[in-house]
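# Topology and contacts: notes
The primary structure of each chain is shown beneath.
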Amino acid sequence: QVRLVESGGGLVQAGDSLRLSCADSGRTFVGHDMGWFRQAPGKEREFVAAISWSSGNTEYADSVKGRFTISRDNGKNSVHLQMNSLKVEDTAVYYCAARLARLGNIRTVGGYDYWGQGTQVTVSS
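Read on for an overview of the structure. Predicted model only: the values in this text are computed from it and were never measured.

Our next topic: the pairing of strand E11 (residues 119–124). Here E11 shows a buried face lined by Thr119, Val121 and Val123 and an unburied face lined by Gln120, Thr122 and Ser124. Summarising the sheet, strand E2 (residues 10–13) and E11 pair through 4 bridges and their orientation is parallel. For Gln13, the partnering residue across the bridge sits in E11 and is Ser124. Taken together, the 3 bridges between strand E9 (residues 92–100) and E11 define a ladder with antiparallel strand orientation. In the strand pairing of E11, Val93 is matched with Gln120.

Right, dumping it as structure tokens:
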């Protein structure tokens, strides 16, 4: 079973950068699409970014496009989210997610099989 653990969250100021990481010491991410989602207080969990296993293609929410970059290191069984030019509205709990690689919308919360426990990102003004 995939067990995901996020790290790298914290408290930063607007304009700063953070790099989130997601790892599973139990197995590799081979054959899995990987995604990052976030959930702010009182809001639904939303898509942030994803990377396809088969093609390596990436997708981003419009709100983070040009500021965030998702990448994966299959050799180290990890996936990362580089977040630059952070804004107050980026404040949320960020979750790493994995699903067995397949066709279909890679942006939907319900399409993922495994989730991490989340890491808090707080951006102050």
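There is more to say, and it comes next.
This part covers the sheet that holds strand E3 (residues 18–23). Judged by pairing direction, the sheet is antiparallel, and its 4 strands sit side by side in the order E1-E3-E8-E7 without closing on themselves. Because the sheet does not close on itself, it has two edges, and the strands there are strand E1 (5–7) and strand E7 (68–73). Looking at each pair of strands side by side, their axes are set apart by 15° on average, direction ignored. With 6 bridges joining them, E3 and strand E8 (residues 78–83) adopt antiparallel strand pairing. The residue of E8 that forms the bridge with Ala23 is Ser78.

Applying the stated criterion across every chain, the model contains 1 disulfide. Shown here is the disulfide that connects Cys22 with Cys96, its sulfur atoms set 2.1 Å apart. The sign of the S-S torsion, about -80°, decides the handedness of the disulfide formed by Cys22 and Cys96: left-handed. Note that Cys22 is positioned in strand E3 and Cys96 in strand E9, a separation of 74 residues in sequence.

Moving on to the pairing of E3. Each regular strand carries side chains that alternate between the two faces of the sheet. Relative to E3, E1 runs antiparallel, the two sharing 3 bridges. In the sheet register, Val5 faces E3, and the bridge partner there is Ala23.

This part covers unusual backbone geometry. Even without glycine at this site, Ser85 takes up a positive phi of about 50°. Relative to the assigned elements, Ser85 resides in the loop between E8 and E9.

Per the stated rule, a full pass over the model turns up 7 salt bridges. Put simply, Glu59 and Arg107 hold a salt bridge, and the shortest N to O gap is 2.6 Å. Taken together, the residues Glu59 in strand E6 (residues 58–60) and Arg107 in the loop between E9 and strand E10 (114–115) connect sequence positions 48 residues apart. Residue Glu59 is classed as partly exposed on the basis of its relative accessible area, which comes to 31%.

This part covers the environment of Gln82. Its place among the elements puts Gln82 in strand E8. A residue is classified by how much of its surface remains accessible, and Gln82, at 25% relative accessible area, is partly exposed. For the pair Gln82 and Ser55, spaced 27 residues apart in sequence, the C-alpha separation works out to 20 Å. Those residues in contact with Gln82 that lie beyond four places of it in its chain are Ser17, Leu18, Arg19, Arg67, Phe68 and Thr69.

Quick notes on the rules
Residues numbered from 1 in each chain as written. Predicted model: local features only at pLDDT ≥ 70, side-chain atom pairs only at ≥ 80, totals over all residues. Heavy atoms only, no water. Buried < 20%, exposed > 50% of the residue type's maximum accessible area, 1.4 Å probe, protein only. Helix = DSSP H or I, 4+ residues; strand = E, 2+ residues; numbered from the N terminus. Pairing = 2+ DSSP bridges. Axes fitted to C-alpha atoms, helices over the stretch in contact; angles between N-to-C directions. Disulfide = S-S within 2.5 Å. Salt bridge = Lys/Arg side-chain N within 4 Å of Asp/Glu carboxyl O. Contact = heavy atoms within 4.5 Å.

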